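Listed below are the residues making up each chain.
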Amino acid sequence: RTNDGWSAWECDDTVTVPLPWAYVVVDGVTTTTDADGSFSADGGIDSTVVSELRGVWFDVNNDAGADEQLSVVAQDGDQISLLHNEEETELEMSQAVAYRDANDVRDWILAINPEYPTIGTQTGFPVNVNSADTCNAFYDYSSINFFQSGGGCNNTAFGHVVYHEYGHHLIAEAGSGQGEYGEGMSDCIGLLMTEDPVMAPGFFQGNCVSGIRTADNACQFQESGCSTCGSQIHACGQLISGCVWDTWGSLQASNPLNADSIIQLLTVN
């Protein structure tokens, strides 16, 4: 069970969604769900079926304790459903949402560019959730990492934030620099996936309208200080997301049938 959008969980309804490419272990033998979250495996009498939130492409790790694990007993021929996050707690919700969203952004980028460096073949990339900190998330070149709720902020393992942090990984694998460029381009990944210029709606508790910044801005380049929106690394990056958002709007007016594919190809490639 996850939220049904890209905002923080308090802003969206909870729905049941399939988890693609996830590992399921039946009597010690690993099988993998398909794109629709389904699987089949040979079983016997009282087969033990185990599911964690890890799969071919991503491995979700709960920094606040044991990873969520489901275990059921089934007979050969049984049809079973494995439901993660049944209790809808923060520590479990973050694991399920991060797994889904990481797979979504990977699938999205490969649909635009199947030859994108590294991403198509990289397996078991770590997604670490529920770290003992608040109001932030980060990429460290070997994993993406998300914090627990607190300090006026929701748990950061959700939609836009996951897309942004994985965006840093996309930038690294393409050989581009990070810095202000990385922040702006990572915002663009979330922007293009959701068509929402607001970065991370619901990041702050009790506010499902505003996020932490927006691509719908009037930032202008300044040779000294980077941007009229500020010189801080994320503020400076809004120059890039603002350009992409405005260009997309112009394309929707001039070339509405192909606007989405054009802006995706221009930005990603």
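Residues numbered from 1 in each chain as written. Predicted model: local features only at pLDDT ≥ 70, side-chain atom pairs only at ≥ 80, totals over all residues. Heavy atoms only, no water.

K.L.:
Honestly, the pattern of salt bridges in this entry has me stumped. Any pointers?
P.N.:
Pairing between side chains becomes possible if they bear opposite charge and their charged atoms approach one another. Under the criterion given, the structure shown has five salt bridges. Two residues, Arg100 and Asp101, come together in a salt bridge whose shortest N-O distance is 2.9 Å. Residue Asp101 is classed as buried on the basis of its relative accessible area of 0%. In this structure, the salt-bridge partner of Arg106 is Asp107, at a minimum N-O distance of 3.5 Å. By relative accessible area, Arg106 is classed as buried at 6%. A relative accessible area of 32% means that Asp107 is categorised as partly exposed. (Salt bridge = Lys/Arg side-chain N within 4 Å of Asp/Glu carboxyl O. Buried < 20%, exposed > 50% of the residue type's maximum accessible area, 1.4 Å probe, protein only.)

K.L.:
Would you explain the layout of surface pockets in this entry?
P.N.:
Rolled over the atoms, a probe with the dimensions of a water molecule shows which regions are left empty. Of the voids in this model, the largest pocket is the one considered here, and its volume is about 680 Å³. Lining the largest pocket are 34 residues, with Gly37, Phe39, Ile80, Ser81 and Leu82 positioned closest to its centre. Sorting the residues of the lining of the largest pocket by element identifies strand E3 (22-26) and strand E5 (47-55) as the ones contributing at least two each. A per-element tally of the lining of the largest pocket places E5 first, with five residues. Taken together, the residues that form the lining of the largest pocket break down as 15 nonpolar, 13 polar and six charged. (1 Å grid on protein atoms, 1.4 Å probe; cavity = no way out; pocket = protein on both sides within 12 Å on 5 of 7 lines; lining within 4 Å. Points joined across faces, edges and corners; volume = space filled by probe spheres on them. Helix = DSSP H or I, 4+ residues; strand = E, 2+ residues; numbered from the N terminus. Nonpolar A, V, L, I, M, F, W, Y, C, P; charged D, E, K, R; others polar.)

K.L.:
Would you take a moment to explain the state of the cysteines for this structure?
P.N.:
Two cysteines joined by a covalent bond between their sulfur atoms form a disulfide. In the structure shown here, the tally under the stated rule is four disulfides. The partner cysteine of Cys226 in its disulfide is Cys236, sulfur to sulfur 1.7 Å. On the sign convention where negative is left-handed, the bridge of Cys226 and Cys236, at about 60° about the S-S bond, is right-handed. Of this pair, Cys226 sits in strand E14 (residues 226-227) while Cys236 sits in helix H4 (residues 233-254), and the two are ten residues apart along the sequence. With no disulfide of its own, Cys188 has Cys243 as its nearest cysteine by sulfur position, at a separation of 8.8 Å. (Disulfide = S-S within 2.5 Å.)

K.L.:
Looking at this structure, I do not really get the side chain of Thr33. What am I missing?
P.N.:
Note that Thr33 resides in the loop between strand E4 (29-32) and E5. Looking at Thr33, its side chain comes within polar contact range of the main-chain nitrogen of Trp21, at 2.9 Å. Ignoring sequence-local partners within four residues, the contact set of Thr33 consists of Leu19, Pro20, Trp21, Ala22, Val24, Ser38 and Phe39. (Polar contact = N/O pair within 3.5 Å; in protein donor to acceptor, adjacent residues only side chain to side chain. Contact = heavy atoms within 4.5 Å.)

K.L.:
Help me understand H4 in this model?
P.N.:
The periodicity of an α-helix, 3.6 residues per turn, causes residues three or four places apart in sequence to face the same way. When the terminal C-alpha atoms of H4 are compared, their 33 Å separation across 22 residues agrees well with the 32 Å that a helix rising 1.5 Å per residue should span. The largest bend along H4 reaches roughly 25° and is located at Leu239. Within H4, the full set of buried residues consists of Ala235, Cys236, Gly237, Gln238, Leu239, Ser241, Gly242, Val244, Trp248 and Leu251. Residues of H4 that are buried in the fold lie against helix H3 (179-194), strand E12 (213-214), strand E13 (221-222), E14 and helix H5 (259-268). Two or three places before His234, at the start of H4, stands the capping residue Gln232, its side-chain oxygen 2.8 Å from that residue's backbone nitrogen. (Expected span 1.5 Å × (residues − 1). Bend = angle between axes of the 7 residues up to and from the residue.)

K.L.:
What exactly am I supposed to notice about H3 here?
P.N.:
For H3, spanning 16 residues, the distance from its first C-alpha to its last is 23 Å, which sits close to the expected 22 Å at 1.5 Å a residue. Of all 16 residues making up H3, twelve are buried, and the element is well covered by its neighbours. Every buried residue belonging to H3 is among Gly182, Glu183, Gly184, Met185, Ser186, Asp187, Cys188, Ile189, Gly190, Leu191, Leu192 and Thr194, and all of these are buried. Those residues of H3 that are buried are in contact with helix H1 (90-112), helix H2 (159-173), strand E11 (198-199), E12, H4 and H5. Following H3 by one or two positions, Glu195 has its phi on the positive side, about 60°.

K.L.:
Explain unusual backbone geometry here, please?
P.N.:
In most cases, non-glycine residues show a negative phi, while peptide bonds are predominantly trans. Positioned with a positive phi, Asn85 is a non-glycine residue whose angle comes to about 60°. Residue placement: Asn85 occurs in the loop between strand E7 (69-74) and H1. With phi around 55°, Glu88 is a residue other than glycine that occupies positive phi space. If you trace the backbone, Glu88 turns up in the loop between E7 and H1. Using a relative accessible area of 37% as the deciding quantity, one classes Glu88 as partly exposed.

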